[in-house]
Amino acid sequence: MTIVTDERCLEYGQTGHLERAGRVARSLALLREQTELPLAWASPLEVPDRVLLRAHSAAHLERVQSLVGNFDSDTPAYPQIEQHARRSVGGALRALELCRQGEPAFSLLRPPGHHALRENAMGFCYYNSIAVAALEALRQGYSRVAVFDFDVHHGNGTEDILLEHAGVQFHSVHQFPGYPDTGSANVGSNCFNHPLPVGTPREAYLKVLQRTLETLLGWHPEVIAISAGFDAFQHDPIGRQSLMAQDFHWLGQALRASNLPVFSILEGGYSRHLPDLILGYLRGLAGLAALAEPTR
Ligand SMILES: [Zn+2]
């Protein structure tokens, strides 16, 4: 298992903002101090404009670079956010490269990406890392690329960018109604949405995750790109769902059992237990047992 990261992603933030550097800093610390899961480390790839432009318009790239103003109150014009967002995309591309080489990889960077639309930034997201990586996977010769988004929020940006792209399927399990208030039904021929109400019982949530994975695997993808968000966790301050830490381990295990190349990138997840949730997921992917449930 390889972790793709770059500590420069810890260098920006805003007091009181939930998407803060500590999410990644504490996760890196836990991954480095644990010894049971052997880890290798890698850096993000450089991302040329032409690769970003498969997913975003030139006008959007210019706006992210220009820092003329906040995109919305969630998505500030941080100094150098363009470089940070580009490195997040580079992390996804490195994770794809590793996965092609037979090495499962997790990109542990910020900002997240799955709300970033072709033409706009929103919801803490500026460039859509998973969509760029899915399109790059197609360019590299894969003909069936599945994107699975288990963040508690709908991956509206990923849907916007991948809609009706031949060779890609997008599957999202998320809370609805809830931010960004999209994803109530399937869209087009390749975007499959699985909306779940606030406070869905854990067993029901897990059943939908399992069925979604079965449907996705039934399409016989050659590679699975994961938008790994950990905000459906029961103690998450934003999500209002009831998944336990062991459920993210189960997700990792289920993906491992597919025997397909898998790469994952961090999207959301805001509880203080995020590091445990990530480690549990990675242990599942690597075939190790679950850890004890963290206490509140
Ligand atoms: Zn989220």
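Rules and cut-offs
- Residues numbered from 1 in each chain as written.
- Predicted model: local features only at pLDDT ≥ 70, side-chain atom pairs only at ≥ 80, totals over all residues.
- Heavy atoms only, no water.
- Helix = DSSP H or I, 4+ residues; strand = E, 2+ residues; numbered from the N terminus.
- Rg over C-alpha atoms; globule rule 2.2 N^0.38 Å.
- Buried < 20%, exposed > 50% of the residue type's maximum accessible area, 1.4 Å probe, protein only.
- Contact = heavy atoms within 4.5 Å.
- Areas by Shrake-Rupley, 256 points an atom, 1.4 Å probe, with all protein chains shown as cover.
- Pairing = 2+ DSSP bridges.
- Right-handed = clockwise from strand over helix to strand, strands pointing away.
- Core = buried A, V, L, I, M, F, W, Y, C linked by side-chain atoms within 4.5 Å.
- Donors = N, O, S within 2.8 Å, 3.2 Å for Na, K, Ca; no water.
- Tetrahedral: all angles 85-135°; square planar, octahedral: opposite > 155°, others 65-115°.
- Phe/Tyr/Trp six-rings, centres within 6.5 Å; stacked < 30°, edge-to-face > 60°.
- Lys NZ or Arg CZ within 6 Å of the ring centre and 35° of its normal.
- Axes fitted to C-alpha atoms, helices over the stretch in contact; angles between N-to-C directions.
- Polar contact = N/O pair within 3.5 Å; in protein donor to acceptor, adjacent residues only side chain to side chain.

A. Here's a closer look at the overall build of the protein chain. Each helix and strand counted, the protein chain has nine helices and eight strands in total. By the compact-globule yardstick of 19 Å for 296 residues, the protein chain fits well, its C-alpha radius of gyration being 17 Å. With the principal axes as the frame, the protein chain shows a C-alpha extent of 45 × 40 × 40 Å. Within the span of the protein chain, comprising 296 residues, buried residues form 58% of the whole. For the protein chain, the share of sequence-separated contacts (at least 6 apart) that also reach a separation of at least 24 residues comes to 74%. Put simply, the protein chain shows about 11,400 Å² of open surface, and 50% of that area lies on carbon and sulfur atoms.

B. Structural context of the pairing of strand 8 (residues 262-266). Within strand 8, five of the five residues are buried, leaving the element largely enclosed by the surrounding structure. Of the pairings in the sheet, the one linking strand 3 (residues 105-107) to strand 8 comprises three bridges and is parallel in character. The residue bridging Phe106 from the neighbouring strand is Ser264, located in strand 8. Once you follow strand 7 (residues 223-228) into helix 8 (residues 245-257) and on to strand 8, the crossover reads as right-handed.

C. Focus on the nonpolar core. Counting residues in hydrophobic clusters, the biggest one holds 45 residues, and the most contacted among them are Phe106, Phe148, Phe150, Phe230, Tyr281 and Leu282. At the level of elements, helix 1 (21-33), strand 4 (145-149), helix 7 (202-218), strand 7, helix 8, strand 8 and helix 9 (274-286) are the ones that each hand at least two residues to this core. Of the residues forming this core, the biggest block, seven residues, is contributed by helix 9. Ignoring anything within four residues of it in the chain, the contact list for Phe106 reads Thr2, Ile3, Val4, Ala228, Phe230, Ser264, Ile265, Leu266, Ile278, Tyr281 and Leu282. Grouped together as the second largest cluster of nonpolar side chains are 44 residues, Ile81, Leu98, Ala121 and Val168 included.

D. Focus on the coordination of the zinc ion. Protein coordination at the zinc ion comes from Asp151 (OD), Asp151 (OD), His153 (ND1) and Asp231 (OD), with a distance range of 2.0 to 2.7 Å. For the zinc ion, the four donor atoms in the first shell make angles of 52 to 154 degrees at the metal, a pattern classed as irregular. Of note, the zinc ion draws all its donor residues from one chain, in the sequence arrangement D-x1-H-x77-D. When its relative accessible area of 1% is taken as the criterion, Asp151 is described as buried. Taking the relative accessible area as the measure of exposure, His153 reaches 10% and is therefore buried.

E. Highlighting the packing of aromatic side chains. Throughout the structure, instances matching the rule amount to 10 aromatic pairs. Among the aromatic residues, those joined into a cluster by ring pairs are Phe106, Phe148, Phe150, Phe230, Phe248 and Tyr281. The side chain of Arg32 reaches across the aromatic face of Trp41, ending 5.2 Å from its centre. Taking the ring centre of Tyr12 as reference, the NZ or CZ of Arg110 above it sits at 3.9 Å.

F. Main features of the sheet that holds strand 1 (residues 2-4). Across the sheet, which stays open at both edges, the eight strands sit in the order 2-1-3-8-7-4-5-6 with parallel pairing between neighbours. Since the sheet does not close on itself, it has two edges, and those belong to strand 2 (40-42) and strand 6 (191-196), each with one partner. Direction aside, the axes of adjacent strands within the sheet are offset by 15 degrees on average. Lying on the sheet, helix 5 (residues 129-139) is in contact with strand 4, strand 5 (168-175), strand 7 and strand 8; it crosses strand 4 at an angle near 165 degrees. Here helix 7 sits on the sheet and contacts strand 4, strand 5, strand 6 and strand 7; the angle it forms with strand 5, its principal contact strand, is near 175 degrees.

G. Quick look at the side chain of Gln34. In this structure, Gln34 sits in the loop between helix 1 and strand 2. Under the relative-accessibility criterion, Gln34 is labelled buried at 14%. A polar contact of 3.3 Å, which involves the side chain of Gln34, links it to the backbone nitrogen of Glu36. Ignoring sequence-local partners within four residues, the contact set of Gln34 consists of Leu39 and Leu279.

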